[in-house]
Every structure is written in structure tokens, then in C-alpha cells.
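Structural description and commentary
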Amino acid sequence: MDCIFCKIIKGEIPSKKVYEDENVLAFHDINPRAKTHIVVIPKEHIESAAAIDAQNACAAANVFTAIPKIARELGLENYRIINNCGEGAGQTVFHIHFHLLGGDLRDF
Ligand code: AMP
Ligand code: ZN
């Protein structure tokens, strides 16, 4: 499958990892749009938030369980979590991911 995030999970494409467990990987966004910009993904390939169902919802839950740990490790007290679902909403990589943005976000 030609999925850039699956390749990052497999180590075929390098990334600056900040967190990894059995189900979740987090790494620095290559094109950061905030002081801290992390991409958090489940290791399970799910195309987008629109493809979440009762069978795979645990993948999303695993991401949301990891996010507070990642934020703590990075010293983020305030942060924003963004998911772009669908091309028209700005999704460019079709492996579900959550942008974790930190820094001073008041003007964003
Ligand atoms: P989205 O536009 O919501 O689909 O987000 C995809 C994000 O993945 C963008 O913010 C990209 O900058 C980021 N991205 C794409 N390729 C890589 C990569 N190889 N390493 C890190 N981040 C990437
Ligand atoms: Zn994938």
C-alpha cells in the first residue's frame, strides 16, 4: 500500500519520533505550522475520520490516550488537536492523523 504514514511506521521513511507504543506513533510534522507541531497516528491504517466505525474505534481511542502523555513529555500545558477529514477539509495524507499543536495559539 502506498501510504506515506505506513512507510514511516515501518521505518521506510525517516521521521523525528517523539512517542511510540504498540498502537500509536507520533512524530514532528515536516512542515510545522506552530511552535510545536506533532502528527499523531494509529498504527492501524484507517483512511480518515470518516472511516471510523465500531470495529476500529479503538484506534482513535488509543491516539487520544497517547496525546496527554505526548503533551506532558513535550511540556505542553495548552494545545490544540486538529483532524482534517477529506480533501475539501485539507486532508492530504489518507492515513488518519491528528495534528497536535502547541505554543502560543491565541492568534491561530
Ligand atoms: P493533512 O494535511 O491534515 O493530511 O496533514 C498531513 C500532514 O503530514 C501535513 O501537515 C504534512 O506536513 C505532514 N507530512 C507529510 N509528509 C510528512 C513526513 N514525511 N514527515 C512528517 N510529516 C509529514
Ligand atoms: Zn497508512
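Residues numbered from 1 in each chain as written. Chains lettered and ligands numbered in written order. Predicted model: local features only at pLDDT ≥ 70, side-chain atom pairs only at ≥ 80, totals over all residues. Heavy atoms only, no water.

**So, the packing of aromatic side chains**
One pass over the structure, following the stated rule, counts 2 aromatic pairs. Centroid distance Phe5 to Phe27: 5.4 Å. Interplanar angle 75 degrees. Geometry classified as edge-to-face. Separated by 22 residues along the polypeptide, Phe5 in helix H1 (residues 4-10) and Phe27 in strand E2 (residues 24-28) bring together distant segments of the chain. The same class applies to Phe5 and to Phe27, which are both buried. Ring centres 5.1 Å apart and planes at 75 degrees place the aromatic pair Phe64 and Phe98 in the edge-to-face group. Pair noted here: Phe64 is in helix H2 (residues 57-73) and Phe98 is in strand E5 (residues 98-102), with a separation of 34 residues, a long-range link. By relative accessible area, which is 41% here, Phe64 ends up partly exposed. Look at Phe98 and you get buried, because its relative accessible area is 8%. (Phe/Tyr/Trp six-rings, centres within 6.5 Å; stacked < 30°, edge-to-face > 60°. Helix = DSSP H or I, 4+ residues; strand = E, 2+ residues; numbered from the N terminus. Buried < 20%, exposed > 50% of the residue type's maximum accessible area, 1.4 Å probe, protein only.)

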